Amino acid sequence: MDEECRNCPALCETRTQVVHGYGDVDADFLFVGERPTASADAIGVPFAAEAADGAAAEETESATTLRRMLERLGLCDSTSPADEPVLENVYLTNLTRCRDPDRRPTDEEIGNCDPYLNAEIRMINPEILVPVGERPLRELGVEYTTTSADDLALPDDHAVRIRGRGFELVPMVDPREQSDAQTQAWLEEFVDLMASDYRQTKGQRDR
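Here, residues in each chain are numbered from 1, in the same order as that chain's written sequence. Where totals are concerned, whole chains, interfaces and linings use all residues; where local detail is concerned, this predicted model gives features only for residues with pLDDT of at least 70, and gives and counts side-chain atom pairs only at 80 or more. Based on all heavy atoms of the structure, the side-chain values leave hydrogens and waters out of the count.

### With respect to the sheet that holds strand β1 (residues 22-23)
Strand pairs in the sheet, formed through backbone hydrogen bonds, run parallel or antiparallel to each other.
So, step 1. As summarised here, the arrangement of the six strands in space is β1-β3-β2-β4-β6-β5, forming an open sheet in which the pairing is mixed. Two strands in the sheet have a free side with no partner beyond their single neighbour: β1 and β5 (162-163).
So, step 2. Where β1 lies against strand β3 (residues 90-94), two bridges are found, and the strand directions are antiparallel. The residue bridging glycine 23 from the neighbouring strand is tyrosine 91, located in β3.
So, step 3. Residues are treated as being in contact if the distance between any of their heavy atoms lies within 4.5 Å. Helix axes are fitted only over the stretch in contact, all axes being lines through C-alpha atoms; the angle between N-to-C directions runs from 0 to 180 degrees. Secondary structure is summarised from DSSP: a helix means a run of H or I of at least four residues, a strand means a run of E of at least two, and numbering begins at the N terminus for each. Running at roughly 170° to β3, helix α4 (residues 107-124) makes contact with β2 (29-33), β3 and β4 (128-131) of the sheet.
So, step 4. Sitting on the sheet, helix α6 (residues 180-195) touches β2, β4 and β6 (168-169), and the angle it makes with β2 is about 150°. Here, a strand pair is defined by DSSP locating no fewer than two bridges between the strands.

So this is what it looks like as structure tokens:
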């Protein structure tokens, strides 16, 4: 992965660093967000949390909630630090590697980062893709399912298992936008998923 990527000149001016994926390289579950949070941009770990009184409290809430969800599922060590979370069976990444604090990434910027994401997916070879938010759901859904992009939407597809080409997708509403009921529904669905034979497509990947 290129730590000095210059593919998006505008993002090069606003980022602190390039934030590539992080986690268990043998993971079955790969979570994909839209862009690095402010804290991720600072320390280099996707979805990283920071103190609630930090500069990006809104995004911190999202990152912290995702981490707590992973902790409740037994996928993240609750005693590990934010800048070096200990993840088991989970890999975290984003559609884009760099952050502009004032706007979301353009389609062109997402396209520029697509080779990095594809490389991570090939390297990790996960069983389950978890799009976190509307943009990742549409991007991954178009690439890895036969479902029409017009039929992929949140919150309708929140905590719904979507059969893909060699994967299943289990989308989630961005945690900072989830109701308590949506959080519980996603956790319950994921617990059921982990208890099921989700590896049934192993060895049948068509990419």
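Past the structure itself, the notes keep going.
### Points about the state of the cysteines
So, step 1. Criterion for a disulfide: a pair of cysteine sulfur atoms within 2.5 Å. According to the stated counting rule, one finds zero disulfides in the structure shown.
So, step 2. This cysteine, cysteine 12, is not joined by any disulfide, and cysteine 98 carries the nearest cysteine sulfur, 5.9 Å off.
So, step 3. To sort residues, take the accessible area from a 1.4 Å probe on protein chains only and compare it with the maximum for the residue type: under 20% means buried, over 50% means exposed, and anything in between is partly exposed. Taking the relative accessible area as the measure of exposure, cysteine 12 reaches 11% and is therefore buried.
So, step 4. With no disulfide of its own, cysteine 113 lies 5.5 Å from the sulfur of cysteine 8, the closest cysteine sulfur.

### With respect to the pattern of salt bridges
So, step 1. The salt bridge definition used is simple: a Lys or Arg side-chain nitrogen within 4 Å of an Asp or Glu carboxyl oxygen. As enumerated under the stated definition, the model contains ten salt bridges in all.
So, step 2. Between arginine 103 and glutamate 109 there is a salt bridge whose closest N-O contact spans 2.7 Å.
So, step 3. Since its relative accessible area comes to 27%, arginine 103 is described here as partly exposed.
So, step 4. Residue glutamate 109 is classed as buried on the basis of its relative accessible area, which comes to 7%.
So, step 5. Overlapping salt bridges bring together Glu34, Arg104, Asp107 and Arg135 as one network.

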